[in-house]
Amino acid sequence: MSEANMVLIGKKPTMNYVLACITFFNGGAKEVNIKARGKAISKAIDVAEVVRRNFLPGVKVKAITIGTDQVQPHDESAQLSNVSTIEITLRR
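This write-up is about the structure you can find in this document. (Residues numbered from 1 in each chain as written. Predicted model: local features only at pLDDT ≥ 70, side-chain atom pairs only at ≥ 80, totals over all residues. Heavy atoms only, no water.)

## Looking at helix α2 (residues 41-55)
An α-helical turn contains 3.6 residues, so a residue and the one three or four places further along point in the same direction. Defined as follows: Only runs of H or I of at least four residues qualify as helices and only runs of E of at least two qualify as strands under DSSP, and these elements are numbered from the N terminus. To estimate how far a helix should reach, multiply one less than its number of residues by 1.5 Å. The criterion used for residue contact is that any of the two residues' heavy atoms lie within 4.5 Å.
Taking 1.5 Å as the rise per residue, α2 with 15 residues should run 21 Å; its terminal C-alpha atoms sit 21 Å apart, in good agreement. Those residues of α2 that are buried are in contact with α1 (14-26), β2 (31-37) and β4 (81-91).

What follows is the structure, encoded as C-alpha cells:
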C-alpha cells in the first residue's frame, strides 16, 4: 500500500476527509487507507461510511485493523499512556 493513499484523521470537519478519499479514488487509486487515533476513531468510521454509501457505492471495506499505540505525555515524568488506533482500508 502506498503511503500516498493515506488519509490521517484529525480535527478538521468530516467532509474534508471524505473529499480527500474521493480525490484519491478519482486519481486512479485502487485502495485508500484511513487512519485515526483516540477520539478521532469515530470520525474515521463516519468518513468511510459516507464515502461508501453516499459518494462511491462501488467502494468496499477491504480490511479494518485495530490496535494500541503507547504515547509519551508532554510531562516527561508521567507514565506512558495507551491510545487506541484504527486503520480502515477501502478498495474500489
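## Quick word on the sheet that holds strand β1 (residues 6-8)
Keep this limit in mind: For two strands to count as paired, DSSP must find a minimum of two bridges between them. A fitted line through C-alpha atoms serves as each axis, taken over the contacting stretch for helices, and the angle formed by two N-to-C directions is quoted from 0 to 180°.
Within the open sheet, the four strands sit side by side as β1-β2-β4-β3. Their pairing is mixed. Each of the sheet's edge strands pairs with one partner strand only, and the pair in question is β1 and β3 (60-71). Adjacent strand axes in the sheet meet at a mean angle of 20° when their direction is disregarded. Judged from the three bridges that link them, β1 and β2 form a sheet pairing that is parallel. Residue Val 7 lies in a different strand from β2, and its bridge partner there is Ile 34. Strand contacts of α1: β1, β2 and β4, with the helix running at about 175° to β1, the strand carrying the most contacts. This element, α2, spans β2, β3 and β4 of the sheet and lies at about 10° to β4.

## Digging into the pattern of salt bridges
This is how it is decided: Here, a salt bridge means any Lys or Arg side-chain nitrogen found within 4 Å of an Asp or Glu carboxyl oxygen. Partly exposed residues are those whose accessible area sits between 20% and 50% of the maximum for their type, while under 20% is buried and over 50% is exposed, using a 1.4 Å probe and protein chains only.
For the coordinates displayed, the defined rule picks out six salt bridges. A salt bridge links Lys 62 to Glu 31; the shortest N-O distance between them is 2.7 Å. One end of the pair, Lys 62, is in strand β3; the other, Glu 31, is in strand β2, and 31 residues separate them in sequence. Given a relative accessible area of 51%, Lys 62 falls into the exposed group. You can call Glu 31 buried: its relative accessible area is 13%. Here Asp 69 ties to Arg 37 by a salt bridge, and the two come within 3.6 Å at their closest N and O atoms. Residue Asp 69 is located in strand β3, and its partner Arg 37 is located in strand β2; the two are separated by 32 residues in the primary sequence. Here Arg 37 falls in the partly exposed class, since its relative accessible area comes to 46%. Salt bridges sharing partners connect three or more residues here, namely Glu 31, Lys 62 and Arg 91.

Without other data, these values stay purely geometric and don't point to any function.
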